[in-house]
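Examining the three-dimensional arrangement
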Amino acid sequence: MTAALDINITKVETSKLLDMTLENIPFGRYFTDHMLEADYENGEWKNVEIKPYQPLLLEPSVAALHYGQAIFEGIKAYKDKDGNVAIFRPQDNFKRFNISAERMQMPVVPEEIFMEGMRMLIDLDKNWVPSMKDHSLYIRPFMFSSDPVIGVKPSESYKFMIILSPTGPYYTAPMKIYVEEKYTRAAPGGVGFSKNAGNYGASMLATALAKKAGYDQVLWTDAFEHKYLQEVGTMNVFFIIGNTAVTPSLEEGTILAGVTRDSAMTVLKDMGFEVIEKKISIEDLMDAHRAGILYEVFGTGTAATISLIKELRYKDYVMHFDTDKWKTAPELKQRLNDIREGRAADTHGWMYQV
Ligand code: COI
């Protein structure tokens, strides 16, 4: 438990929820009635408040807009059949947020502002947490440098905010993925492990080209040889090879340490799989495919949850999968959703009650 937070709360007069339904809403387009905002100035966090969701008034010179000192997190809250709201592993996102902050030379956010602020905000907007299957409340904490100065240096002032967005399923259909061999997401010593905004901006050209060629996302490969597999677009990636579950290891600091990735590894072990984190090359993967032992390929992420991959293309080699016949990824998704949506016991202590 975190210490209670003494903050100003200003509530909306009329909820926007009266004008909308929470069923099948697209990811990230609608926001709840309230948001949390805090300022970092003169070495301390202040002005922590919850107030009606509203535009920000910023000077055009604000440093984040120019140099990208900006980080974020993605977390989800769920409502069980009795109407109780719980957040999935928010403490892990809190830790990762401050790892990103450190890498981007930004101040750490204290636990009581991040955790208790988030809990209070969700409690206030709990009517916005959808209870339908595969629906949730997506939580977006973020921080950006706010000095109105265009000198290239770490800012002295920062804004930390949390906004909330009710959401339906992110990717619904099984995906087609293109193995990227020209563009690079991350190199050792870089920022691949951090959840900074620039990682996503930098990914958009390769993704747009893949889309033009009929693919949904790219599978990133290493910066030097474009040979070792990293992660897919907005997700970590898993391969079921024989009776092992293989996922690229985090060792080189080029891959985001996904909370869903970690949860998937735990649940796959519960399901009896040997889970192996290792450096895996596209050649290894194609060998497994040729040998007929590459059974399933899927992505894991907060927004995406578990997303099945029905086609993987590397140069002219295309791996097709009949996802209707798969057992592992669907069972993993079901088990995770059952825990999140309160249908299965939370044996790993992942749910944080609001
Ligand atoms: C998430 O899965 O939460 C992400 O942050 C990925 C994407 C929506 C940016």
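Look up a bit, the structure's there.
Definitions and limits used
- Residues numbered from 1 in each chain as written.
- Predicted model: local features only at pLDDT ≥ 70, side-chain atom pairs only at ≥ 80, totals over all residues.
- Heavy atoms only, no water.
- Helix = DSSP H or I, 4+ residues; strand = E, 2+ residues; numbered from the N terminus.
- Rg over C-alpha atoms; globule rule 2.2 N^0.38 Å.
- Buried < 20%, exposed > 50% of the residue type's maximum accessible area, 1.4 Å probe, protein only.
- Contact = heavy atoms within 4.5 Å.
- Areas by Shrake-Rupley, 256 points an atom, 1.4 Å probe, with all protein chains shown as cover.
- Lys, Arg positive; Asp, Glu negative; His and termini not counted.
- Charge placed at Lys NZ, Arg CZ, Asp CG, Glu CD.
- Core = buried A, V, L, I, M, F, W, Y, C linked by side-chain atoms within 4.5 Å.
- Domains from an automatic or database assignment.
- Patch = residues over 30% accessible without salt bridge, like charges linked within 9 Å, V, L, I, M, F, W, Y side chains within 5 Å.
- Salt bridge = Lys/Arg side-chain N within 4 Å of Asp/Glu carboxyl O.

Re the overall build of the chain
Looking only at helices and strands, the chain features eight helices and 18 strands. Here the C-alpha radius of gyration of the chain, 21 Å, is about what a compact globule of 354 residues would show, namely 20 Å. Considering only C-alpha atoms, the chain reaches an extent of 60 × 50 × 35 Å along its principal axes. Here the chain holds 354 residues, and the buried ones make up 54% of them. Across the chain, contacts joining residues at least 24 apart in sequence account for 71% of those joining residues at least 6 apart. Working note: accessible area of the chain is about 16,000 Å², and carbon and sulfur atoms make up 50% of it. Of note, the chain has its 39 positive side-chain charges centred 4 Å away from the centre of its 48 negative side-chain charges.

Quick notes on the nonpolar core
Generally speaking, soluble globular proteins have nonpolar side chains that are buried together. Judged by nonpolar contacts, the single largest core of 47 residues is most densely connected at Leu219, Phe239, Leu268, Leu285, Leu294, Leu312 and Leu332. Each of domain 1 (8-169) and domain 2 (175-340) accounts for three or more of the residues forming this core. With sequence-adjacent residues up to four places away left out, leucine 332 is seen in contact with Ala264, Val267, Leu268, Met271, Phe298 and Ile306. Counting residues in each nonpolar core, the second largest holds 39 residues, with Leu5, Leu17, Ile71 and Ile162 among its members.

Overview of a nonpolar patch on the surface
Nonpolar side chains collect at one region of the surface, where Tyr67, Ile150 and Val152 lie side by side and expose about 330 Å² of accessible area between them. With respect to the element layout, valine 152 can be found in the loop between strand 7 (136-145) and strand 8 (158-167).

Digging into the environment of threonine 167
By secondary structure assignment, the location of threonine 167 is in strand 8. For the pair threonine 167 and asparagine 24, spaced 143 residues apart in sequence, the C-alpha separation works out to 7.2 Å. Those residues in contact with threonine 167 that sit more than four places away from it in its chain are Ile25, Pro26, Phe27, Lys76, Pro130, Asp134, His135, Ser136 and Tyr138.

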